[in-house]
Structures are given as structure tokens and as C-alpha cells.
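Commentary on secondary and tertiary structure
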Amino acid sequence: MDQNKFHCLEDLIIHTWQANIVAIMVQIWKEERQGDCTFKYDVDEVMSFLKSQSVDAIARLAAKIIKRINIKESLNKPIKERDEEWLNHVKFIHNVLPYLTLKAAIKHADIGMLCHAINDCCLVFAGSRSKWLYIRELFYYKWLTDSPAAEPQLQKAILYNSLVNHHGAKDSYIKLDHAVELLNGFIKQLKADRHTSLIDEKLLLGRYTQLIKFYE
């Protein structure tokens, strides 16, 4: 897939996921505010209400949302009583959640969240069967970071060293292999720009490497 198309698709999926969560939140509020016609549930009122809430209140609301999207309750109902449309929304929320957890954990270098995300990814990849190379690599990573194979201090070092802070900000971490891909892309671009050069390719590559050191 073209990189621009991938980012468009990613944005669409994330926005759809967020819209599902907001819809469930509004649904809960409507049930709790029966008879209250003053609240219109538009964007400004919802944002204003959320900003006015304490951390504990937001945590309680999140707990209610998590309880509401319990997929087991929906699947345990007889087929005739199931709301298939609601079930599809719930499945979508659960399927996208591991990706969003992993994305947030990497972005903020949250090691605790990263461990949860690795667990989810192990299940996702193991269920796909065709991605056996990813499964082997992921299980090996899991073994190193969450078993007696390494001491806790070494486990933290392995997790932190799998991330690179690309711009030096609190939320600008990326995966190490992503950083390698960026460097490879940079080398390819420099080679393409000088494809008519008479200078030996190895000498050019040596110069590119020095330029990359500057760009680091």
C-alpha cells in the first residue's frame, strides 16, 4: 500500500474507533440523565462537560464504557436476541484496541503499557497463522522481557532500547526498526540524486554515512 494511503486509512480507523467510544459515552450519559432536556450532546457541550470532570469521575466513566463493550455478554445471548449491528461495533473496538495501545506505548515510551501491548500482539499474530516470522520474533521478545530469562533491570533496558526518540520530545518516540527504515530511505534518496555521478559507489556511500551522522 502507498504510504499516503496507509496514513489516510490509519486516520480513518482511529477516528472511527474514537467515534464509537464517544457514542457509547453519550449513550451512558443519556441513560443517567433521563428527563434532562437541557443537555444537547453536541461537541461543545460534551467537551465542556469532560473538562469539568475530575480524574476519578473520568476513570469511573471509562470503567462503565469498558463494562458496556463486554463482548462475552453479547455473544452469550441466543442468536435471535443478538443485536448484530451493536456486536459489529464492539468487535471493531476490540480489534483496533491492541494497535492503538501499541501505538500509544511507543509514542510515549510507556514501558508498562508496552508490555500489555506485546501480550495482545502475541494473541493477534498467533491467531493469524500466516505471520509465522512475526510470531517467532514477537514470542522471542516476550520471552526476553517477561520471563526469568532476563533480570528485571535488563528487561527494562531491552524495552527502552527498542525505541528511539526521533525529535527529543516527550511524545516523539518511534520503533528502532522504523528509525533504521528512515535511514535506509535517506541513503536510497541520496544515491538516486547522484545516480549520474562518476564517483565510485562505495566512496559515495561513505560520504552518505557521514551525512547521516550529521542528520542524527
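Quick look at the structure, then.

**Focus on helix H7 (residues 132-145)**
- Counted at 1.5 Å a residue, the expected span for H7 with its 14 residues is 20 Å, and the 20 Å between its end C-alpha atoms agrees.
- Within H7, burial applies to Ile135, Leu138, Leu144 and Thr145.
- As for H7, its buried residues are in contact with helix H6 (111-128) and helix H8 (152-161).

**A look at the side chain of Ser172**
- Here Ser172 is to be found in the loop between strand E1 (163-165) and strand E2 (173-175).
- At 3.4 Å, the side chain of Ser172 and the backbone nitrogen of His167 are in polar contact.
- Those residues within four positions of Ser172 in sequence are excluded, and the remaining contacts are Lys107, Val164, Asn165, His166 and His167.

**Here's the deal with the environment of Ile158**
- Along the chain, Ile158 turns up in helix H8.
- Ile158 gets classed as partly exposed once you look at its relative accessible area, which sits at 21%.
- The sequence separation of Ile158 and Leu144 amounts to 14 residues, and the corresponding C-alpha distance is 8.0 Å.
- Here Ile158 is in contact with Tyr141, Leu144 and Thr145, once residues within four sequence places are set aside.

**Some words on unusual backbone geometry**
- In the Ramachandran plot, Ala109 falls in the positive-phi region, its phi being about 50° despite a non-glycine side chain.
- Within the element layout of this structure, Ala109 appears in the loop between helix H5 (84-108) and H6.

**Describing the packing of aromatic side chains**
- Counted under the stated rule, the structure contains 3 aromatic pairs.
- Seen from their ring centres, Trp29 and Phe49 are 4.5 Å apart, and the 75° between their planes marks the pair as edge-to-face. Taken as a pair, Trp29 in helix H1 (residues 3-32) and Phe49 in helix H2 (residues 43-52) lie far apart in primary sequence, 20 residues in all. By the burial criterion, Trp29 is buried, and Phe49 matches it.
- A centroid spacing of 5.7 Å and a plane angle of 35° characterise the contact between Tyr140 and Trp143, whose relative ring orientation is tilted. Here Trp143 and Tyr140 lie together in helix H7, a separation of 3 residues that amounts to about one turn.

**Considering the pattern of salt bridges**
- If you walk through the whole model with that rule in mind, you get 4 salt bridges.
- Here Lys103 ties to Glu10 by a salt bridge, and the two come within 3.0 Å at their closest N and O atoms. Of this pair, Lys103 sits in helix H5 while Glu10 is found in helix H1, placing the two residues 93 residues apart along the sequence.
- Overall, the relative accessible area of 10% leaves Glu10 in the buried class.
- A salt bridge links Glu32 to Lys64; the shortest N-O distance between them is 2.5 Å. Within this pair, whereas Glu32 is found in helix H1, its partner Lys64 is found in helix H3 (residues 55-68), the two being separated by 32 residues in sequence.

**Quick word on the state of the cysteines**
- Enumeration over the complete set of coordinates arrives at 0 disulfides.
- The cysteine Cys115 is free of any disulfide, with Cys122 supplying the nearest cysteine sulfur at 11 Å.
- Cys122 provides the cysteine sulfur closest to Cys121, a residue in no disulfide bond, and the two sulfurs are 7.3 Å apart.
- Owing to a relative accessible area of 12%, Cys121 belongs among the buried residues under this scheme.

**A word on the nonpolar core**
- Core analysis: the largest hydrophobic core is formed by 19 residues, its most contacted members being Trp17, Ile24, Met25, Trp29, Ile65 and Ile93.
- Looking at this core, the elements that each hand over two or more residues are H1, H2, H3 and H5.
- Looking at which element gives the most residues to this core, the answer is H1, with 8 residues.
- Sequence-distant contacts of Trp29, that is, excluding residues within four places in its chain, are made with Phe39, Tyr41, Val46, Phe49, Leu50 and Leu61.
- Membership of the second largest hydrophobic core comes to 11 residues, among which are Ile106, Leu114, Ile118 and Leu138.

Scoring rules and cut-offs
- Residues numbered from 1 in each chain as written.
- Predicted model: local features only at pLDDT ≥ 70, side-chain atom pairs only at ≥ 80, totals over all residues.
- Heavy atoms only, no water.
- Helix = DSSP H or I, 4+ residues; strand = E, 2+ residues; numbered from the N terminus.
- Expected span 1.5 Å × (residues − 1).
- Buried < 20%, exposed > 50% of the residue type's maximum accessible area, 1.4 Å probe, protein only.
- Contact = heavy atoms within 4.5 Å.
- Polar contact = N/O pair within 3.5 Å; in protein donor to acceptor, adjacent residues only side chain to side chain.
- Phe/Tyr/Trp six-rings, centres within 6.5 Å; stacked < 30°, edge-to-face > 60°.
- Salt bridge = Lys/Arg side-chain N within 4 Å of Asp/Glu carboxyl O.
- Disulfide = S-S within 2.5 Å.
- Core = buried A, V, L, I, M, F, W, Y, C linked by side-chain atoms within 4.5 Å.

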